[in-house]
Amino acid sequence: MAETLAACEAYAGMGAQAVAIVAPFYYKLTPESVYAYFAEIARNSPIDLTLYNIPMFASPIDVPTIRRLAEFPRVVGIKDSSGDLAFMMRMISSIRPVRPDFCFLTGWEAVLAPMLMIGCDGGTHASGNAVPEVTAASTISAAKAITPRP
C-alpha cells in the first residue's frame, strides 16, 4: 500500500488529477480486506481515485464495498472490466442516488453500447491507445444511437 500511495503522490506531482487503482491480486481477498485497502488509500491520497474492478485478474470489488467506498470524497468513480451488465446496473442503482457525481466506466469494448444504454458514463479501452480516433467515433456513434429522441 505504501508503494501505491507513493505513486499517487508522484502522479499528483506530475499534474495528474486522478489515478485508477486495481484491487490487490494473486490472493483473493475478502470484501472487508478490499475495503480496508482502498479506504486507506482514499484517506491518504493527494489526488482522486477511480476504483478498477477486473475480477478475472484481481480481487473482485462487490457492490456493497463499492457503495461504502463511494462515501469517500476522493473515490470519484469505477472502471469495471467484468462485462457484467446486471452488475453495472446494481452499482448504478446503489450508488447514483447518494453520489450522482460518481462516474461509471466499462473497460470491455464489446459491451460499451449496452452499458451506455443502462446508464454507464463511458468506457476506457485498450484499443483507445492504438486507434483513438476509431474508439472516439464509435463511442460517439453508440451514444447517438441510444439517445432518446424528443
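This text goes with the structure placed above it.
Residues numbered from 1 in each chain as written. Predicted model: local features only at pLDDT ≥ 70, side-chain atom pairs only at ≥ 80, totals over all residues. Heavy atoms only, no water.

**Q** Mind showing me how you'd approach the sheet that holds strand 2 (residues 48-53) here?
**A** Picture the strands of a sheet paired through backbone hydrogen bonds; they go either parallel or antiparallel. In spatial order, the strands read 1-2-3-4-5; together these five strands make up an open sheet with parallel pairing. Each edge of the open sheet carries a strand with a single partner, namely strand 1 (18-22) and strand 5 (122-123). Of the strand pairs in this sheet, strand 1 and strand 2 are connected by five bridges, and their pairing is parallel. Within strand 2, the residue paired with Val 22 across the bridge is Tyr 52. (Pairing = 2+ DSSP bridges. Helix = DSSP H or I, 4+ residues; strand = E, 2+ residues; numbered from the N terminus.)

**Q** Mind showing me how you'd approach the packing of aromatic side chains here?
**A** Each aromatic ring pair is characterised by the separation of its centres together with the angle its planes make. Within this structure, the stated rule accounts for four aromatic pairs. Aromatic pair Tyr 37 and Phe 38: ring centres 5.2 Å apart, planes at 75°, arrangement edge-to-face. Grouping residues by exposure puts Tyr 37 and Phe 38 together as buried. When the ring centre of Tyr 35 is taken as origin, the NZ or CZ atom of Arg 68, which lies over that ring, is 3.6 Å away. (Phe/Tyr/Trp six-rings, centres within 6.5 Å; stacked < 30°, edge-to-face > 60°. Buried < 20%, exposed > 50% of the residue type's maximum accessible area, 1.4 Å probe, protein only. Lys NZ or Arg CZ within 6 Å of the ring centre and 35° of its normal.)

**Q** Explain a nonpolar patch on the surface here, please?
**A** On the surface, a nonpolar cluster with roughly 550 Å² of combined accessible area is contributed by Phe 25, Tyr 26, Tyr 27 and Leu 29. With respect to the helices and strands, the residue Phe 25 is situated in the loop between strand 1 and helix 2 (31-44). (Patch = residues over 30% accessible without salt bridge, like charges linked within 9 Å, V, L, I, M, F, W, Y side chains within 5 Å. Areas by Shrake-Rupley, 256 points an atom, 1.4 Å probe, with all protein chains shown as cover. Salt bridge = Lys/Arg side-chain N within 4 Å of Asp/Glu carboxyl O.)

**Q** What is the right way to read the pairing of strand 4 (residues 103-106) from this model?
**A** In regular strands, side chains alternate between the two faces of the sheet. Where strand 3 (residues 75-80) and strand 4 come together, four bridges link them in parallel fashion. Following the sheet pairing, Ile 78 is matched in strand 4 by Phe 104. Handedness of the crossover is the feature at issue here: the chain leaves strand 3, passes through helix 4 (residues 85-95), returns alongside strand 4, and the resulting connection is right-handed. Both strand 4 and strand 5 contribute to a ladder of two bridges, which runs parallel. Each residue of the ladder has a partner; that of Leu 105, found in strand 5, is Gly 122. As for the winding sense of the linkage, the β-α-β connection from strand 4 through helix 5 (residues 112-117) to strand 5 is right-handed. (Right-handed = clockwise from strand over helix to strand, strands pointing away.)

**Q** I would appreciate a short explanation of the side chain of Ser 45 in the present structure.
**A** When you line up the elements, Ser 45 lands in the loop between helix 2 and strand 2. At a separation of 2.7 Å, a polar atom in the side chain of Ser 45 contacts the main-chain carbonyl oxygen of Ile 47. Once residues lying within four places of it in the same chain are set aside, the contact partners of Ser 45 are Leu 5, Cys 8 and Arg 74. (Polar contact = N/O pair within 3.5 Å; in protein donor to acceptor, adjacent residues only side chain to side chain. Contact = heavy atoms within 4.5 Å.)

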